[in-house]
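These are the residues of each chain, in order.
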Amino acid sequence: MKQEPETAERPAAAALRLRGSNQSGMRAHNERLVLSLVRREGALAKSDIARITGLSAQTVSVIMRGLEADGLLMRRDPIRGRIGQPSVPMALAPDGAWFLGLKIGRRSLELTLIDFVGTPVASRRRTYPYPTPDAVMAFVTETLPAVLAHLPPERLDRVGGMGIAMPFQLWNWVQHVGAPQSEMDAWRHRDIQSELAALTGMPVHVQNDATAACGAELVFGSGDRPKDFLYFYFAYFIGGGLVLNGHLFTGRTGNAAGVGPMPVPGRDGQMQRLLNVASISVLAESMAAAGEDPSTLWETPDRWQVGAAVLSDWLDGAAAGLASAILSAAALVEMDTVMIDGWMPRAIRAEIVRRTDAALHRLDLSGIDPPQIREGTVGAQARALGAAAIPLSHRYLLEAWGALPEA
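All values reported here derive from a predicted model rather than from experimental measurement.

**As for the overall build of the protein**
If you tally the helices and strands in the protein, you get 15 helices and 14 strands. Taking 407 residues into account, the globule formula puts the C-alpha radius of gyration at 22 Å, and the protein, at 22 Å, falls close to it. Over its C-alpha atoms, taken along the principal directions, the protein stretches across nearly 70 × 60 × 40 Å. Here the protein holds 407 residues, and 53% of them are scored as buried. Expressed as a percentage of contacts within the protein between residues at least 6 apart in sequence, the contacts between residues at least 24 apart total 68%.

Structure, rendered in structure tokens:
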């Protein structure tokens, strides 16, 4: 049984609560279609949207006028030089709406505010030895006013909600994170979603942390976005996500493509779980055994301080494990791309991709069309940004991006 949040409002809660948005909570299907297309393709003229969607020019004009009036779309400079009237591309308005993303990690918390195009506006972080519900509530109570202070008071009604990216069933990982079972058991009975909704006065959504990171790649990723890809995210434990036909596949419990438990051969030939060879916690243990301080792994994702020999040994083990997991996944689900991202410096991410690709091609690929392995494009903030993408998608985008017509 989940415990109901206390009804007595804490003094700080009144200061945090936001007024409900004046915009419609759930946009109509065609409005969401237009917003999803503009997010995917960039600025588009009305004629382009009519051609792509098959909607009549009049219908598109009505939709886009409404979205512009609501402050969700903005006009770009007219494109001249063509026959007839200049076309006016319409783009997402950055100040059309804002969203909060809360990442609850096994070693750190992060609260991020993004605008309508996904640009971070403000962020706060805190490290801890292990996560507890009380620590999360105290962190949000303390930091949310400072984060929201980056918005003009009259724009607070355009904050569209909060998403939470967190590992599920935290109480089952006590032996791995070095936390007291009694404190981690609090997650069994606390409904953090309801408590934060009561504290903030806004809609709150929860998603598995690695799935949320994959969602950030789908919604905010740059460059060519494949319609089908398997996604690996390096954090304290490695996790993952799966995109099929442009749609984030979450499964029955929301934990689909949780790649950490996948069996892979270890260096001794014995089968073990991927998280035991390809997690940042494994690198931290190797650093500690070598007399190095692993704290920088959690505090500075852009600047790790790790010895070359320890790092290279971990990279080889992680790449071998990833290659085996990718081979198994490719045999089950046909996909042309694997994306690798994580809480790490870009140079190390690039090296993991290089070594994993080499390790995959050393395996027996008979009957397998090996996928392209490439870097993710969001980086260390993927979980927090993916959390913020949950309320954004819920209110303004089509649920299944695979339903979008081709440009």
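**Remarks on the environment of Val177**
Residue position: Val177 is located in helix 6 (residues 174–177). Residues Val177 and Arg106 lie 71 residues apart in sequence; the distance between their C-alpha atoms is 7.1 Å. Aside from chain neighbours lying at most four places away, what touches Val177 is Arg106, Arg107, Pro129 and Tyr236.

**Here's the deal with the sheet that holds strand 4 (residues 108–114)**
An order of 5-4-3-6-7 is seen for the five strands of this open sheet, with the pairing classed as mixed. The open sheet has two edge strands with one neighbour each: strand 5 (120–127) and strand 7 (204–208). Strand-to-strand twist of the sheet, defined as the mean angle between neighbouring strand axes without regard to direction, takes the value 15 degrees. Note: strand 3 (residues 98–104) against strand 6 (residues 159–166), five bridges, orientation parallel. In the strand pairing of strand 6, Trp98 is matched with Val159. Lying over the sheet, helix 10 (residues 209–220) contacts strand 4, strand 6 and strand 7, oriented at roughly 105 degrees with respect to strand 7.

**Some thoughts on the packing of helix 2 (residues 29–41) against helix 3 (residues 46–53)**
Following both chains from N to C, one finds helix 2 and helix 3 inclined at 110 degrees, their axes separated by 11 Å at the closest point. Comparing the axis directions of helix 2 and helix 3 gives the class roughly perpendicular. Along its contact with helix 2, which presents Leu33, Val34, Leu37 and Val38, the element helix 3 presents Ile49, Ile52 and Thr53. Here the residues of the contact of helix 2 with helix 3 sort into six nonpolar, one polar and no charged.

About the cut-offs
- Residues numbered from 1 in each chain as written.
- Predicted model: local features only at pLDDT ≥ 70, side-chain atom pairs only at ≥ 80, totals over all residues.
- Heavy atoms only, no water.
- Helix = DSSP H or I, 4+ residues; strand = E, 2+ residues; numbered from the N terminus.
- Rg over C-alpha atoms; globule rule 2.2 N^0.38 Å.
- Buried < 20%, exposed > 50% of the residue type's maximum accessible area, 1.4 Å probe, protein only.
- Contact = heavy atoms within 4.5 Å.
- Pairing = 2+ DSSP bridges.
- Axes fitted to C-alpha atoms, helices over the stretch in contact; angles between N-to-C directions.
- Parallel < 35°, antiparallel > 145°, perpendicular 65-115°, else oblique.
- Nonpolar A, V, L, I, M, F, W, Y, C, P; charged D, E, K, R; others polar.

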